[in-house]
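Notes for the structure review
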Amino acid sequence: GENVEQHPSTLSVQEGDSAVIKCTYSDSASNYFPWYKQELGKGPQLIIDIRSNVGEKKDQRIAVTLNKTAKHFSLHITETQPEDSAVYFCAARETGGFKTIFGAGTRLFVKA
Amino acid sequence: GAVVSQHPSRVICKSGTSVKIECRSLDFQATTMFWYRQFPKQSLMLMATSNEGSKATYEQGVEKDKFLINHASLTLSTLTVTSAHPEDSSFYICSAREPIEKTQYFGPGTRLLVL
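What comes next concerns the included structure. (Residues numbered from 1 in each chain as written. Chains lettered and ligands numbered in written order. Predicted model: local features only at pLDDT ≥ 70, side-chain atom pairs only at ≥ 80, totals over all residues. Heavy atoms only, no water.)

1. Quick notes on the state of the cysteines
As enumerated under the stated definition, the model contains two disulfides over all chains in all. The partner cysteine of A:Cys23 in its disulfide is A:Cys90, sulfur to sulfur 1.9 Å. When the S-S torsion is -100°, as for the bridge of A:Cys23 with A:Cys90, the disulfide is left-handed. Remark: A:Cys90 occurs in strand E9 (residues 86-94) and A:Cys23 occurs in strand E3 (residues 19-25); sequence separation between them is 67 residues. Between B:Cys23 and B:Cys94 runs a disulfide, and the two sulfur atoms are separated by 2.0 Å. Its S-S torsion of about 80° marks the bond between B:Cys23 and B:Cys94 as right-handed, since a negative value means left-handed. (Disulfide = S-S within 2.5 Å. Helix = DSSP H or I, 4+ residues; strand = E, 2+ residues; numbered from the N terminus.)

Given below as structure tokens:
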């Protein structure tokens, strides 16, 4: 089955700097990769996703890149703000697949 | 994005009692919903997959008689923690699968404390 690894587990950046979170997946059949942001005491919120027919997707300060050959994908947050502090989860799912497999999460701290 | 609600947001109960948690997809119909459990500072642990009109599929190690799941309509799934014990205290989160893109949207979570 699919296995998703996420790094780093904790990331601390200065406000205004960029943050990068990386994930790798094992199943080459996976072709949908969402990213979720979870704030303390709340449920995860979908912030961006990418499908395997696209190499990069951007939404304002957030971008995701996908390298199908290497089976890894990354989340990039530019101009970080304190409100970006949260836990971020990457995930992978096969087309029409039933389950979404989540990474272990990255705790991002943005210092003002 | 799509909205998934969960009720209650937090509940405190006595050991031995049962607690029901509701998960609703508010603006789409979901034939599939998922129930997760999350311990502090840990990832999401899938407990079971809830299928409308049929029995839930439980992950290995999850007791189906302990965690009863009912998905009676296309917008509602319920999780009942039966005979709750302190070790059942946790953050329970549901998600609903949007039928077209099959994207999962999460509810806000329910914090259960069993005394």
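2. Description of the interface of chain A and chain B
Residue-level contacts link 22 residues of chain A with 24 residues of chain B. Taken together, the two surfaces of chain A and chain B that pack against each other cover about 1,600 Å², and 51% of this comes from carbon and sulfur. A salt bridge links B:Glu101 to A:Arg51; its shortest N-O distance comes to 2.8 Å. Counting across the chain A and chain B interface gives nine residue pairs in polar contact (both at pLDDT 80 or more). Elements supplying a minimum of two residues to the side of chain A that touches chain B: strand E4 (30-38), strand E5 (45-51) and E9 of chain A. With four residues, the single largest contributor to the side of chain A that touches chain B is E5(A). (Contact = heavy atoms within 4.5 Å. Buried area = accessible area lost by both parts, 1.4 Å probe. Salt bridge = Lys/Arg side-chain N within 4 Å of Asp/Glu carboxyl O. Polar contact = N/O pair within 3.5 Å; in protein donor to acceptor, adjacent residues only side chain to side chain.)

3. Notes on the pattern of salt bridges
For the structure on display, the rule yields eight salt bridges over all chains. For the salt bridge of A:Glu39 with A:Lys42, the shortest nitrogen-to-oxygen distance reads 3.4 Å. A:Lys42 gets classed as partly exposed once you look at its relative accessible area, which sits at 45%. Between B:Arg24 and B:Glu22 there is a salt bridge; the shortest N-O distance is 3.4 Å. Several salt bridges converge on common partners, so that one network encompasses A:Lys37, A:Glu39 and A:Lys42. (Buried < 20%, exposed > 50% of the residue type's maximum accessible area, 1.4 Å probe, protein only.)

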